[in-house]
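Now for the letters of each chain:
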Amino acid sequence: MLDTIKGWLHRYLSDSEALVLLLLLVAGFAIILTMGNMLAPVFAALVLAFLMQGVVNWLQSRGLGHNWSVTLVFVLFVTVLVVALFLLVPLVWQQVSSLLNELPKMVNHGQAWVRELPEHFPAFISEAETAAVTESINGMIAGLGQWALSFSLANLTNVMALLVYLILVPILVLFFLKDKDLLLDWIGNQLPKRRRVINQVANEMNSQIANYIRGKAIEIVIVGGVSFVLFALMGLNYAVLLATLVGFSVVIPYIGATVVTIPIALIGLFQWGFGQQFTILMIAYLFIQALDGNVLVPLLFSEAVNLHPVAIIIAVLVFGGFWGFWGVFFAIPLATLLKAVMNAWPRVQDVGVKT
């Protein structure tokens, strides 16, 4: 047993570059787990900087200077941020409030529909079972009301933190774009001179993360925008809110699309019942999801490292449990990082280590 352990350590950890890479990975994950919430503005700014760096590069390739390119892109970013804060966010919040106000009425209709089930399907469901379902629904609604109250009260204390983030994030984005080369040189000076493996992993991950973040941003806009057009044309209630949910659901592979289908189906059902409009809504929505999964995703993420769906789901669950929203968002890049590390990890052949 001791020989086996020594042989494994000799094979995978005898190279000094492997030890440095291992220490960097452990330190990075330790920082995320212990200070992830405190550093949330930094991570958000990094994501946005990655997203906009491609536009900066494109402007520079057209002959515009670095400073002018950064200034133009930053002004565009601030404009989009202001529009979102003063137009989209209030509209979504208004629809959330309206939905919460209408929720009791929707619940009463749902309970009445459940109570009628024994009359239509007496062989499959009894009145006692419908009563149990109704009581369970009441308990869920009561819990939802308590959660909404505690959520609103808790967020009152976070208003100042949100305002600070709204100031910090744009400033950090500006510096990340403006001083990218300076920051990368400083980081490189802190690393060992001999870092072939680290450079190999870093180069692979740089293209992967940039491709992933930009692709996800484009996917959110396209899927959310097309969904809004569908919902608005059909006259579905809370179209902006539901389209926003559909857009951001693509952040969570496989799981997000399944979860967001529930509120769309319920609101369509309560608005129209089991009719032609409800059927058209669900067919069109499922068609959008099919196009996203089979056409849009392969186009946007053609350069991404292939990961098995099981690996993606496990990564979402694990990293999301450790790091919340950011863990879910970065689940695929982090899983890709682990795969890149395993592929680049230096190994030596077993030579029969003696005790």
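Here the residue numbering is sequential within each chain, running from 1 through the sequence in written order. Totals for whole chains, interfaces and linings use every residue, but because this is a predicted model, local features are given only for residues with pLDDT of at least 70 and side-chain atom pairs only at 80 or more, for both listing and counting. Each side-chain value is derived from all of the structure's non-hydrogen atoms; neither hydrogens nor water enter the calculation.

Per an unreviewed UniProt entry, the recorded name for the chain is Permease, and the organism is Endozoicomonas lisbonensis. UniProt positions are given in the numbering used here, feature names are shortened, and annotations may be inferred rather than shown by experiment. Note on the chain: under the UniProt heading Sequence similarities (unreviewed entry), the record states "Belongs to the autoinducer-2 exporter (AI-2E) (TC 2.A.86) family." Regarding the chain, the relevant UniProt record gives this comment under Subcellular location (unreviewed entry): "Cell membrane".

Visitor: Help me understand the overall build of the chain in this model?
Guide: Within the chain, the regular secondary structure consists of 14 helices and 0 strands. Ordered by position in the sequence, the α and β elements of the chain form the string α-α-α-α-α-α-α-α-α-α-α-α-α-α. Every one of the 355 residues in the chain was classed for burial, and the buried ones make up 32%. Any two residues whose heavy atoms approach within 4.5 Å are treated as being in contact. The long-range fraction of contacts in the chain, counting pairs at least 24 apart against all pairs at least 6 apart in sequence, stands at 74%. Note on conventions: DSSP H or I runs of at least 4 residues are helices, E runs of at least 2 residues are strands, and numbering of each starts at the N terminus. Only protein chains enter the calculation, and the probe is 1.4 Å; a residue is then buried if its accessible area is under 20% of its type maximum, exposed if over 50%, and partly exposed in between.

Visitor: Explanation requested: the UniProt feature "transmembrane region" (unreviewed entry) in the chain in the structure shown.
Guide: UniProt's entry tags residues 12-33, 71-93, 159-177, 217-240, 246-270, 282-301 and 307-332 with the feature "transmembrane region" (unreviewed entry), counted in the numbering of this structure. Summarising residues 71-93: 100% helix, 0% strand, and an end-to-end C-alpha distance of 32 Å. Helix and strand shares over residues 217-240 are 83% and 0% respectively, and the end C-alpha atoms of the span are 18 Å apart.

Visitor: It is not clear to me how the packing of helix H3 (residues 40-61) against helix H13 (residues 309-329) should be interpreted in this structure. Could you clarify?
Guide: When two helices pack together, their arrangement is given by the angle between the helix axes and the distance between those axes. The axes used here are C-alpha line fits, helices contributing only the stretch in contact, and every angle between their N-to-C directions lies in the interval 0 to 180 degrees. One way to put it is that H3 packs onto H13 with a least axis distance of 12 Å and a crossing angle of 5°. Taken together, H3 and H13 sit at an angle that is classed as roughly parallel. Contacts between H3 and H13 involve Ala40, Phe43, Ala44 and Val47 on the former and, on the latter, Trp323, Trp326 and Phe329. Considered class by class, the residues forming the contact of H3 with H13 number 7 nonpolar, no polar and no charged. Convention used here: angles under 35 degrees read as roughly parallel, angles over 145 as roughly antiparallel, angles from 65 to 115 as roughly perpendicular, and any remaining angle as oblique. Polar here means any residue other than Ala, Val, Leu, Ile, Met, Phe, Trp, Tyr, Cys and Pro, which are nonpolar, and Asp, Glu, Lys and Arg, which are charged; Gly is therefore polar.

Visitor: Is there a simple way to think about H13 in this case?
Guide: Owing to its 3.6 residues per turn, the α-helix aligns residues three or four sequence positions apart on the same side. An expected span of 1.5 Å times one less than the residue number is assigned to each helix. Between its terminal C-alpha atoms H13 stretches only 16 Å, short of the 30 Å expected from 21 residues at 1.5 Å a residue. One fitted axis covers the seven residues ending at a residue, a second covers the seven starting there, and the bend at that residue is the angle between these axes. Of all the bends in H13, the largest measures some 150° and sits at Trp323. Among all positions in H13, only Ile312, Ala315, Val316, Phe319, Gly320, Trp323, Trp326, Gly327, Val328 and Phe329 are buried.

Visitor: Even after reading the chapter, I still don't get the layout of surface pockets, so can you show me in this structure?
Guide: A cavity here means a set of points on a 1 Å grid, drawn over the protein atoms and nothing else, where a 1.4 Å probe fits but cannot get out; a pocket is an open set with protein on both sides within 12 Å along at least five of seven lines, and a residue lines either one if it has an atom within 4 Å of a point. Grid points are joined across faces, edges and corners, and a volume is the space filled by probe spheres set on the points. Estimated volume of the second largest pocket: approximately 2100 Å³. Of all the secondary-structure elements, those providing two or more residues to the lining of the second largest pocket are helix H2 (16-35), H3, helix H7 (159-178), helix H8 (180-190), helix H9 (196-234) and helix H14 (331-344). Per-element accounting of the lining of the second largest pocket gives the leading share, 11 residues, to H9.

Visitor: For this particular structure, what's the right way to read the pattern of salt bridges?
Guide: Any Lys or Arg side-chain nitrogen located within 4 Å of an Asp or Glu carboxyl oxygen qualifies as a salt bridge. Under the criterion given, the structure shown has 2 salt bridges. One salt bridge in this structure joins Asp179 and Lys178, with 3.3 Å as the shortest N-O distance. Among the residues examined, Lys178 registers a relative accessible area of 43% and is labelled partly exposed.

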